[in-house]
Amino acid sequence: MALIVQKFGGSSLASPDHIRRVACTIAATKKEGHQVVVVVSAMGGETDRLLALATEINPDKPARELDALLATGEQASAALMAMALQNLGLSARSYAGIQLPLRTDANHTRARIVDLPTSVLRRDLDQNIIPVVAGFQGVNGNGDITTLGRGGSDTTAVALAAALQADVCEIYTDVDGVYTADPNICPSARHLSKVTYEEMLEMSGLGAKVLQIRSVELAQKYRVPLLVKSSFGSNKCTWIVEEAKSMEMESAIVSGITLDRSVAKLSVIHVPDRPGIAYQILAPLADAQINVDMVIQNASIEGYTDFTFTLSREDLAKARPLLEQVAKDIGAWEIRADDSIAKVSAIGLGVKNHPGVAARMFKALADENINIQMISTSEIRISCIIEAKYGELAVRVLHDAFGLQQS
Ligand code: ADP
Ligand code: ASP
Ligand code: MG
């Protein structure tokens, strides 16, 4: 008998039929003699619907109320799933994050888990009851509901698996595993039966939303065996593993291409080039909990330079007025914002040992006349900022350029 955490994403729960079907999957696992803890996302499209409602009522979307609103999506599907399981003759009980309680820090809309007691879940498991946990949410020190960021139900599932020392955490979604690129963008993407934690961290951090990055971090930290599989029936799946075990991964220079459409760019034009300027520009953003990603400072001309950085598109509205104030303070000319960009990345353990990777990437983009606006590199990836409208084309072109297609 194994203890299995099964997480079902929104697309797997899009309608009453979907929910019934997932309930049958859970029932089948139970019938095999395993203990199951279920984590559910909101029904497909529900989080976006609630977000749009919030925007309509108050475009500022006050974070505390937004979390209270968004968490209801997962609460509804947890209750519905418990009902569906009961309808199959199984004992099941739904839990909102606050009922466990899954404790988080105070950071609304992107909270991090700080404590996850398991007593309620253990009690249910001992009584042969299937706990159905609403993903994506917790409660902070003030007793307010928080959420874990988009895709956060993955993180709830891995955190539960870690806390319960489960034998495996299964992430059920609308694809049958992790591919060399998003299979919905790149039809020739190849299925990967194994991906290392490091590569998956890069892929998730760079736009592969199949797993939220926090979930991969937690899985690596607590050595949770993590599996991505389809809710819609397929005998393929992907294991996220400790290190490259397959020859295929060891020999690949680049093993994946990702696209991140959630980025935006801010530039401060005509900045005096003196010590402390980068700090002056970025400190107010850090104070407002806004993460900055790629940063470029141009070569200085006659003591002045331009300063450009990328950030999450969600943070643009909040960052812009802060930066306008900074621009005034330091005597810069103006601020330019661009939210029609995307980040395309080539990821692989071979990047550090193969100097030609960057050149191959730039040539492939140039051949399609795609202009590169910013570049950043690490030991295992190269990322380029390009115009958003070329994002999908860039993924396909790079996938071909690195020979990742199915043979
Ligand atoms: P869920 O609702 O189940 O949480 P998500 O939409 O969050 O599902 O994640 C699944 C989606 O991730 C897929 O439909 C696919 O479009 C996307 N995706 C992006 N990159 C990849 C990749 N490399 N491999 C597989 N899926 C990917
Ligand atoms: N429902 C949330 C979202 O759409 C969380 C999740 O699905 O994991 O982002
Ligand atoms: Mg998801």
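We now turn to the structure provided with this report. Starting from 1, residues in each chain are numbered consecutively following that chain's sequence as written. Written order decides the labels, with chains lettered from A and ligands numbered from 1. Owing to the predicted nature of the model, reporting of local features is limited to residues with pLDDT of at least 70; listing and counting of side-chain atom pairs is limited to 80 or more, with chain, interface and lining totals taken over all residues. The basis for every side-chain value is the complete set of non-hydrogen atoms in the structure, without hydrogens or water.

Overview of the site of ligand 2
Spelled out, the test is: Whether a residue is near a molecule or strand depends on its heavy atoms: it is near if one of them lies within 4 Å of it. A 3.5 Å cut-off defines polar contacts: any pair of N or O atoms within that distance qualifies, except that in protein one atom must be a possible hydrogen donor and the other a possible acceptor, and neighbouring residues in sequence count only when both atoms are side-chain atoms. Here, Shrake-Rupley sampling with a 1.4 Å probe gives the accessible areas, and only protein chains in the shown set may cover a residue. Under the scheme applied here, ten amino acids are nonpolar (Ala, Val, Leu, Ile, Met, Phe, Trp, Tyr, Cys and Pro), four are charged (Asp, Glu, Lys and Arg), and all others, including Gly, are polar.
What surrounds ligand 2 is the set Ser41, Thr47, Glu74, Phe136, Arg150, Gly151, Gly152 and Ser153. Here Ser41 contributes a side-chain N or O atom positioned 3.1 Å from an oxygen atom of ligand 2. Gly152 is positioned such that a nitrogen or oxygen atom in its backbone is 3.3 Å from an oxygen atom of ligand 2. Notes on ligand 2: free accessible area 270 Å², of which the protein chains cover 86%. Here the shell around ligand 2 is composed, by residue class, of 1 nonpolar, 5 polar and 2 charged.

Structural notes on the pattern of salt bridges
Stated precisely, the cut-off is as follows: Think of a salt bridge as a Lys or Arg side-chain nitrogen and an Asp or Glu carboxyl oxygen that are within 4 Å of each other. Burial classes follow relative accessibility: with a 1.4 Å probe on protein chains only, a residue under 20% of its type's maximum area counts as buried, one over 50% as exposed, and anything between as partly exposed.
One pass over the full model with this rule turns up 18 salt bridges. For Lys389, the salt bridge is made with Glu387, and the minimal N-O distance between the two is 3.6 Å. Lys389 sits in the exposed class, given a relative accessible area of 62%. Through salt bridges with shared partners, a single network forms among Arg64, Glu65 and Asp144.

A look at the sheet that holds strand S3 (residues 92–95)
Backbone hydrogen bonds are what pair the strands of a sheet, in a parallel or an antiparallel way. We count it as follows: Whether two strands pair depends on DSSP finding at least two bridges between them. Secondary structure elements are taken from DSSP: a helix is a run of H or I of four residues or more, a strand is a run of E of two residues or more, and numbering for both begins at the N terminus. Here, axes are lines fitted to C-alpha atoms. For helices the fit covers the stretch in contact, and angles between N-to-C directions go from 0 to 180 degrees.
Pairing in this open sheet of 8 strands is mixed, and the strands run S3-S6-S2-S1-S9-S13-S14-S12 from one edge to the other. Here the strands that pair on one side only, and so sit at the sheet edges, are S3 and strand S12 (194–196). Ignoring strand direction, the axes of neighbouring strands in this sheet form an average angle of 20°. Note: strand S1 (residues 3–8) against strand S9 (residues 168–173), 5 bridges, orientation parallel. Across the sheet, the residue bridging to Lys7 is Ile171, located in S9.

A word on the pairing of strand S18 (residues 304–312)
As paired strands, strand S16 (residues 263–272) and S18 are joined by 8 bridges and run antiparallel to one another. Counted as the bridge partner of Leu266 is Phe309 from S18. Where strand S17 (residues 292–297) and S18 come together, 4 bridges link them in antiparallel fashion. What sits directly across from Val295, in S18, is Phe309.

Re the packing of helix H6 (residues 197–205) against helix H7 (residues 213–222)
Cut-off, in case you're wondering: Here roughly perpendicular refers to angles of 65 to 115 degrees, roughly parallel to angles under 35, roughly antiparallel to angles over 145, and oblique to all remaining angles. Put simply, a crossing is left-handed when the front helix is turned counterclockwise from the back one by less than a right angle, and right-handed when it is turned clockwise. Should any heavy atoms of two residues lie within 4.5 Å, those residues are considered in contact.
With their axes 8 Å apart at the nearest point, H6 and H7 run at an angle of 165° to one another. As summarised for this structure, H6 and H7 are arranged roughly antiparallel, according to the angle between their axes. Remark: the crossing between H6 and H7 carries left-handed chirality. Across the interface between the two elements, Tyr197, Glu198, Met200, Leu201, Ser204 and Gly205 of H6 pack against Ile213, Val216, Glu217, Ala219 and Gln220 of H7. Taken together, the residues of the contact of H6 with H7 sort by class into 6 nonpolar, 3 polar and 2 charged.

Concerning the site of ligand 1
Taken together, 19 residues lie near ligand 1, and Thr173, Asp174, Tyr179, Asp182 and Asn184 sit nearest. Here an oxygen atom of ligand 1 sits 3.1 Å away from a polar atom, N or O, in the main chain of Gly10. A distance of 2.8 Å is found between an oxygen atom of ligand 1 and a side-chain nitrogen or oxygen belonging to Asn184. Coverage of ligand 1 by the protein chains reaches 89% of its 570 Å² of free accessible surface. Counting only elements with at least two residues in the shell around ligand 1, the list comes to S9 and strand S10 (178–179). Residue composition of the shell around ligand 1, grouped by class: 9 nonpolar, 6 polar and 4 charged.

With respect to the packing of aromatic side chains
For clarity, the cut-off: Pairs were defined over the aromatic rings of Phe, Tyr and Trp, the Trp ring being its six-membered one, requiring ring centres within 6.5 Å. Orientation was assigned from the angle between planes: stacked under 30 degrees, edge-to-face over 60, tilted for the rest.
A complete count under the given rule lists 2 aromatic pairs for this structure. Seen from their ring centres, Phe307 and Phe309 are 6.3 Å apart, and the 65° between their planes marks the pair as edge-to-face. Among the residues examined, Phe307 registers a relative accessible area of 2% and is labelled buried.

Observations concerning unusual backbone geometry
With omega at -10°, the peptide bond leading from Leu100 into Pro101 counts as cis. Its identity is not glycine, yet Lys61 carries a phi of approximately 45°, on the positive side. Phi angles above zero are rare outside glycine, and Gln289 is one such case at about 65°. Structurally, Gln289 can be placed in the loop between helix H9 (277–287) and S17.

Quick look at the pairing of strand S14 (residues 237–241)
Looking at chain direction, S12 and S14 are connected through 3 bridges and run parallel. Bridging across to S14, Val195 finds its partner in Ile240. Bridge count for strand S13 (residues 226–230) against S14 is 4 bridges, and the pairing is antiparallel. Bridging across to S14, Leu227 finds its partner in Trp239. Following S13, the chain reverses through 6 residues before pairing antiparallel with S14; Gly233 in that reversal takes a positive phi of roughly 80°.

With respect to the side chain of Ser255
Residue placement: Ser255 occurs in the loop between helix H8 (247–251) and strand S15 (256–260). Polar side-chain contacts of Ser255 include one of 2.6 Å to the side chain of Glu199.

Some words on the sheet that holds S15
Read from one edge of the open sheet, 4 strands run S15-S20-S22-S21, paired in antiparallel fashion. At either margin of the open sheet sits one strand with a lone partner, and together these are S15 and strand S21 (374–378). Pairs of neighbouring strands in the sheet enclose a mean axial angle of 20°, with direction left out of account. Relative to strand S20 (residues 341–347), S15 runs antiparallel, the two sharing 5 bridges. If you follow Ile257 over to S20, its bridge partner there is Ala346. In the packing of helix H11 (residues 356–367) onto the sheet, contacts are made with S20, S21 and strand S22 (381–387), and the angle to S22 comes to roughly 20°.

Limitation: the analysis is restricted to geometry and does not speak to function.
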